[in-house]
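Commentary on secondary and tertiary structure
These are the residues of each chain, in order.
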Amino acid sequence: MFPAAFDYIRAHSAEEALAALAQHGAEARILAGGQSLIPAMRLRLARPAVLVDLGGVKDLGYLHEEGGELRVGAMTRDVTLERNANVRARYSLLTDTGAVVADPVVRCLGTVVGSLCHSDPSGDWGAAALAARAVMVARSASGERLIPIDEFLVDSFQTSLEEGELAVEVRFPTPDGRTHGSYQKIERKVGDYATAAAAVQITLGEDGRVTHAGVALTAAGPRPVRVDAAEKLLLGQLLTEDVIRAASEEARAVSDPFADTRGSVEYKKDMARVLVARGLRASAARLGTGVTA
Amino acid sequence: MTATETTDTALRTVTLKVNGQNIRQEVEPRTLLAYALRDAGLKGTHVGCDTSSCGCCVVLIDGDTPAKSCTMFAVQAEGHEITTVEGLGSPGDLHPLQQAFWDQHGLQCGYCTPGMLMTAKAMLGHNPDPTDQEVREFLSGNLCRCTGYNNIVKAVQQAARVMRDEAQAQALAGMVPTPSTGTAEGGAQ
Ligand SMILES: Cc1cc2nc3c(=O)[nH]c(=O)nc-3n(C[C@H](O)[C@H](O)[C@H](O)COP(=O)(O)OP(=O)(O)OC[C@H]3O[C@@H](n4cnc5c(N)ncnc54)[C@H](O)[C@@H]3O)c2cc1C
Ligand code: FES
Ligand code: FES
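Scoring rules and cut-offs
- Residues numbered from 1 in each chain as written.
- Chains lettered and ligands numbered in written order.
- Predicted model: local features only at pLDDT ≥ 70, side-chain atom pairs only at ≥ 80, totals over all residues.
- Heavy atoms only, no water.
- Helix = DSSP H or I, 4+ residues; strand = E, 2+ residues; numbered from the N terminus.
- Contact = heavy atoms within 4.5 Å.
- Areas by Shrake-Rupley, 256 points an atom, 1.4 Å probe, with all protein chains shown as cover.
- UniProt positions renumbered as here; feature names shortened; annotations may be inferred.
- Core = buried A, V, L, I, M, F, W, Y, C linked by side-chain atoms within 4.5 Å.
- Buried < 20%, exposed > 50% of the residue type's maximum accessible area, 1.4 Å probe, protein only.
- Near = heavy atom within 4 Å.
- Polar contact = N/O pair within 3.5 Å; in protein donor to acceptor, adjacent residues only side chain to side chain.
- Nonpolar A, V, L, I, M, F, W, Y, C, P; charged D, E, K, R; others polar.
- Pairing = 2+ DSSP bridges.
- Axes fitted to C-alpha atoms, helices over the stretch in contact; angles between N-to-C directions.
- Phe/Tyr/Trp six-rings, centres within 6.5 Å; stacked < 30°, edge-to-face > 60°.
- Buried area = accessible area lost by both parts, 1.4 Å probe.
- Salt bridge = Lys/Arg side-chain N within 4 Å of Asp/Glu carboxyl O.

By the naming in an unreviewed UniProt entry, chain B is (2Fe-2S)-binding protein, taken from Deinococcus aquaticus.

Per an unreviewed UniProt entry, chain A carries the name Xanthine dehydrogenase family protein subunit M and comes from Deinococcus aquaticus.

Below, the structure is given as structure tokens:
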């Protein structure tokens, strides 16, 4: 089906995009990779009057480490992370996630920032960003502000971006040698949204005890769900099978999915538990603790 | 165009560079690239699902990026090089991928084939020697309702071999001294 009619503006810089957003207010929507927006427009679920295309904003397509963070520009495609040797070697959570978002052709156009701005509770980057403690950078005419991902993802298809604001970057803390993670997803077929999925990021101290834990769920509520209780429970602990089991029970408790063709509520809640346990074991194995995934 | 210059939703002229040729077309901003290409007479780009799932409409952007052309507006493609299956080879001069799909029976009805070929071309561009599993993964956004995929994988592997051999032959040819400066060691092939 054809989308409803709209005006099209091609921006060549973040400033041009901001000017267009300022001029058209709530009528305008940003077009990044288009891999969520265009399908939604085709179904007439979205009917923006003006599209501001970032496709020509070349200087937002970057990926580099700076200040202890991996900085991913708004026009950096999923595929760029997937093929980056440094990301593959050190950002295990992001690598796992990037490999299961949609299919490879969609990932050649889709962007990480676009996916986060879309704020689909079934989107994979949301939970990964929560577990990794990512920070969004929003730019407007009055400057830039940093928004922790917890505050950025407000509700289904709703972020804390204000009218006239552009997300220019997402920052992921750089893991040191003692940090690893994992993204575990159950899907009906390649490229499908998650039946259930879990993101885990763990840092261990010298003594093998957890000094930081990030645990979050996809498709388990109106927005990606951070499993605070599991994170608290893990802190200061050795990653034993008992601790892993206890933490993963918290995921089941907090998971609040809806039933659909992918499964019943009970099934999805139980899968949240199973996937967090798998993610913890995989992270522990990657950290060389002797635990096997 | 600057940010303050808006267009209305009426027809506007875009120039698309497709298979090396400029095509000027009147489109609405909402015209999807797949339809613009077909309207230009390039019927090799198929629309299978119109929901971004089947990959029949895949074309290459700037030579190496596969894109589902039902999930891109024609206006977005302006200023980029587009390659459709018509740009891959011709009936008398098939691309190794087209030859391989022929040789290995990598198609039955052929509806998915243009998208398969273009996606495979993109994959071999960054991974010239893929495993069967890598071929299956990269083509996982391309649905085929007929073949069962095994012959498609065989075809892509055949093409990969042929293309690697061609690349090697070209590299060697580049090393062969020209006759005027030739030495006895020339002709490494
Ligand atoms: C067949 C198919 C399967 C899919 N499967 C999955 C899946 O399994 N998991 C998954 O997570 N996703 C999946 N997706 C969705 C898709 O991969 C992502 O949501 C997509 O990559 C979003 O990025 P984009 O750049 O294409 O965003 P767009 O579609 O361009 O934009 C999405 C939204 O974010 C806004 N936006 C984008 N960038 C900015 C910005 N810089 N500032 C402010 N607002 C912005 C847009 O206005 C729009 O509302 C699938 C999509 C398809 C077509
Ligand atoms: S028609 Fe484009 S993906 Fe199916
Ligand atoms: S050959 Fe018929 S759909 Fe693939």
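Side note on the overall build of chain B
If you tally the helices and strands in chain B, you get 6 helices and 5 strands. The secondary structure elements of chain B, listed N-terminal to C-terminal, are β-β-α-β-β-α-β-α-α-α-α. The long-range share in chain B, meaning contacts at least 24 apart out of those at least 6 apart in sequence, stands at 51%. As displayed, chain B has an accessible area near 9100 Å², and 49% of this comes from carbon and sulfur atoms.

Some points on the UniProt feature "domain: FAD-binding PCMH-type" (unreviewed entry) in chain A
The sites that UniProt annotates as "domain: FAD-binding PCMH-type" (unreviewed entry) are residues 1-177 of chain A. Annotated as residues 1-177 of chain A, this span is 34% helix and 26% strand, and its ends, taken at the C-alpha atoms, are 49 Å apart.

Brief notes about the nonpolar core
Formed by 53 residues in total, the largest nonpolar core has its most connected members in Leu116, Met136, Ile149, Val170 and Phe172 of chain A. If we ignore the near neighbours within four places in the chain, the residues touching Leu116 of chain A are Trp125, Gly126, Ala129, Met136, Ile149, Phe152, Leu153, Thr159 and Val170 of chain A.

Things to note about the site of ligand 1
As a structural note, the neighbourhood of ligand 1 is formed by 32 residues, with Ile30, Gln35, Ser36, Thr111 and Asp124 of chain A the closest of them. Mapping the residues near ligand 1 onto chains gives chains A and B. A distance of 3.1 Å separates an oxygen atom of ligand 1 from a polar atom in the backbone of Ala102 of chain A. The backbone of Ala167 of chain A places a nitrogen or oxygen atom 2.8 Å from a nitrogen atom of ligand 1. Isolated, ligand 1 exposes 990 Å² of accessible area, and the fraction of that covered by the protein chains is 95%. The element that contributes the greatest number of residues to the shell around ligand 1 is helix α7 (residues 112-118) of chain A, accounting for 5 residues. Partitioning the shell around ligand 1 into residue classes produces 16 nonpolar, 12 polar and 4 charged.

Overview of the sheet that holds strand β3 (residues 50-53) of chain A
Residue and element names in this part refer to chain A. The 3 strands are arranged β1-β3-β2 in an open sheet whose pairing can be described as parallel. Each edge of the open sheet is held by one strand with a lone partner, namely β1 (7-10) and β2 (28-31). If you compare each strand with its neighbour and ignore which way they point, the axes differ by 25° on average. Where β1 meets β3, 4 bridges bridge the pair, whose relative direction is parallel. Pairing of Asp7 across the sheet is with Val50, part of β3. Here helix α1 (residues 14-24) sits on the sheet and contacts β1, β2 and β3; the angle it forms with β3, its principal contact strand, is near 170°.

Focus: the packing of aromatic side chains
For the coordinates displayed, the defined rule picks out 2 aromatic pairs over all chains. Judged by centre distance (5.1 Å) and plane angle (65°), the ring pair of Phe2 of chain A and Tyr35 of chain B falls under edge-to-face. With Phe2 of chain A in the segment before β1 and Tyr35 of chain B in helix α1 (residues 33-39), this residue pair bridges two chains.

Some words on the interface of chain A and chain B
Contact with chain A, which involves 36 residues of that partner, is made by 40 residues of chain B. Summed over both partners, the interface of chain A with chain B comes to about 3000 Å²; 63% of that surface belongs to carbon and sulfur atoms. Joining chain A to chain B, the criterion identifies 1 salt bridge. A salt bridge links Lys68 of chain B to Asp103 of chain A, with the shortest nitrogen-to-oxygen separation between them at 2.8 Å. Across the chain A-chain B interface, the total number found is 10 residue pairs in polar contact (both at pLDDT 80 or more). Looking at the side of chain A that touches chain B, the elements that each hand over two or more residues are β1, α1, α2 (37-42), β3 and α6 (104-109) of chain A. Grouping the amino acids of the side of chain A that touches chain B by side-chain chemistry returns 22 nonpolar, 5 polar and 9 charged.

Looking at the sheet that holds strand β13 (residues 210-218) of chain A
All names here are of chain A. With respect to topology, 4 strands assemble into an open sheet ordered β11-β12-β13-β14, the strand pairing being antiparallel. The open sheet has two free edges, formed respectively by β11 (179-186) and β14 (225-226), since each of these has just one partner strand. Where β11 meets strand β12 (residues 196-204), 8 bridges bridge the pair, whose relative direction is antiparallel. Bridging from a neighbouring strand, Gly181 pairs with Gln201 of β12.

So, the pairing of strand β7 (residues 143-148) of chain A
All names here are of chain A. Bridge count between strand β6 (residues 135-140) and β7: 6 bridges; the pairing is antiparallel. For Val135, the partnering residue across the bridge sits in β7 and is Pro148. In textbook terms, the turn of a hairpin is the stretch between consecutive antiparallel strands, and for β6 and β7 this stretch comprises 2 residues.

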